[in-house]
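# Examination of the molecular architecture
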Amino acid sequence: MNIVVINGTEIKGCTYQIKETFLSVLRDGNEIVEYYFPKDMPHFCTGCKTCFFKDEKLCPHAEYTMPVWNAMLKADLLVFAAPVYALRTPGQMKALLDHFCCHWMVHRPDKAMFTKRAVILTNSIGASNREAQKDIATSLQWLGISDVRCLGFGLMEGVNWKELSDKRKNKIKRKVTNLAKKYVLFKHGHMGLKVRVLFNICRMIHKVLLKKEETPSADNQHWINNGWI
Ligand SMILES: Cc1cc2nc3c(=O)[nH]c(=O)nc-3n(C[C@H](O)[C@H](O)[C@H](O)COP(=O)(O)O)c2cc1C
């Protein structure tokens with residue numbers, strides 16, 4: 001199994017420990033590629049829209065975004081590990097995901113995404129992790145991934161791993177390990193009802209738009225090439 005890990009922090013702290021615990025169950029026999037942000041994609045989307053109207057390979061940040069995107073395409077399992085910042089996902093995670101909007105189902109989805117599985121691992125000092133997880137999960141859903149599991153922790157005792165009691169660290173590790181065990185056996189993800197409905201709505205929109213175009217847009221050409229419209 002190919003696993004790609006998107007780390008939303010470069011700090012080797014609590015997020016790192018949680019992610020390492022998850023991977024420790026899966027290291028044997030699997031190929032793991034990891035990216036750390038913002039180091040591996042230190043730019044915000046400029047809003048030039050070249051990806052939408054022409055090609056994502058022409059993005060001014062393509063040297064950073066394309067390796068990550070290609071690795072994601074090759075992966076069977078995507079792991080997103082991030083702390084909660086200001087109740088949301090860190091800006092660097094959002095900046096990366098913004099660059100992949102051109103692959104949302106409203107634009108040019110890649111069919112490889114429909115069979116992937118994803119895990120979102122988060123932690124906060126005490127606040128709800130839900131909205132931060134949703135920031136990532138929403139992007140994954142629109143990229144066409146149905147099989148997404150989230151696991152979040154309120155650390156409560158501190159923001160440094162070393163400050164946490166053994167009891168808490170063990171509880172976190174136990175939960176993360178149990179989740180990771182669900183991925184030991186390789187399985188493809190399947191297109192769920194929500195993604196299927198969104199995909200079909202997008203298909204209708206593209207059909208309508210195509211009728212109004214003299215030459216198909218980059219988006220519609222992609223839908224034609226895939227035999228979807
Ligand atoms: C800039 C910043 C903002 C944060 N915002 C929140 C927050 O809104 N709510 C919360 O409970 N924890 C917050 N935290 C704590 C983190 O979610 C996380 O638990 C902590 O950074 C430990 O993870 P790490 O060692 O991987 O950095 C914040 C941390 C940082 C650095």
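Residues numbered from 1 in each chain as written. Predicted model: local features only at pLDDT ≥ 70, side-chain atom pairs only at ≥ 80, totals over all residues. Heavy atoms only, no water.

The name an unreviewed UniProt entry assigns to the chain is NADPH-dependent FMN reductase, from the organism Acetivibrio saccincola.

## So, the site of the ligand
Around the ligand, the structure places 15 residues, and the nearest of them are Cys14, Thr15, Val84, Asn123 and Ala127. Within the side chain of Thr15, a nitrogen or oxygen atom sits 2.5 Å from an oxygen atom of the ligand. In the model, an oxygen atom of the ligand is placed 2.9 Å from a nitrogen or oxygen of the Ala127 main chain. A total of 620 Å² of accessible area belongs to the ligand in isolation, and the protein chains cover 72% of it. Per-class residue counts for the shell around the ligand are 10 nonpolar, 5 polar and no charged. (Near = heavy atom within 4 Å. Polar contact = N/O pair within 3.5 Å; in protein donor to acceptor, adjacent residues only side chain to side chain. Areas by Shrake-Rupley, 256 points an atom, 1.4 Å probe, with all protein chains shown as cover. Nonpolar A, V, L, I, M, F, W, Y, C, P; charged D, E, K, R; others polar.)

## Points about the side chain of Ser139
With respect to the secondary-structure elements, Ser139 resides in helix H5 (residues 130-143). Here Ser139 falls in the buried class, since its relative accessible area comes to 8%. Setting aside chain neighbours within four positions, we find Ser139 in contact with Leu97 and Trp104. (Helix = DSSP H or I, 4+ residues; strand = E, 2+ residues; numbered from the N terminus. Buried < 20%, exposed > 50% of the residue type's maximum accessible area, 1.4 Å probe, protein only. Contact = heavy atoms within 4.5 Å.)

## What about unusual backbone geometry?
Residues Phe37 and Pro38 are joined by a peptide bond in cis, for which omega reads 15°. Within the fold, Pro38 resides in the loop between strand E2 (31-36) and helix H2 (50-53). Residues other than glycine seldom take positive phi values, yet Lys49 does so here, at roughly 70°. With respect to the element layout, Lys49 can be found in the loop between E2 and H2. Positive phi is not limited to glycine here, since Ala86 has a value of about 50°. Here Ala86 shows up in the loop between strand E3 (77-83) and helix H4 (91-98).

## Here's the deal with a positive patch on the surface
On the surface, a cluster of positive charge is contributed by Lys167, Lys171, Arg174 and Lys175. Mapped onto the elements, Arg174 comes out in helix H6 (residues 166-181). You can call Arg174 exposed: its relative accessible area is 51%. (Patch = residues over 30% accessible without salt bridge, like charges linked within 9 Å, V, L, I, M, F, W, Y side chains within 5 Å. Salt bridge = Lys/Arg side-chain N within 4 Å of Asp/Glu carboxyl O. Lys, Arg positive; Asp, Glu negative; His and termini not counted. Charge placed at Lys NZ, Arg CZ, Asp CG, Glu CD.)

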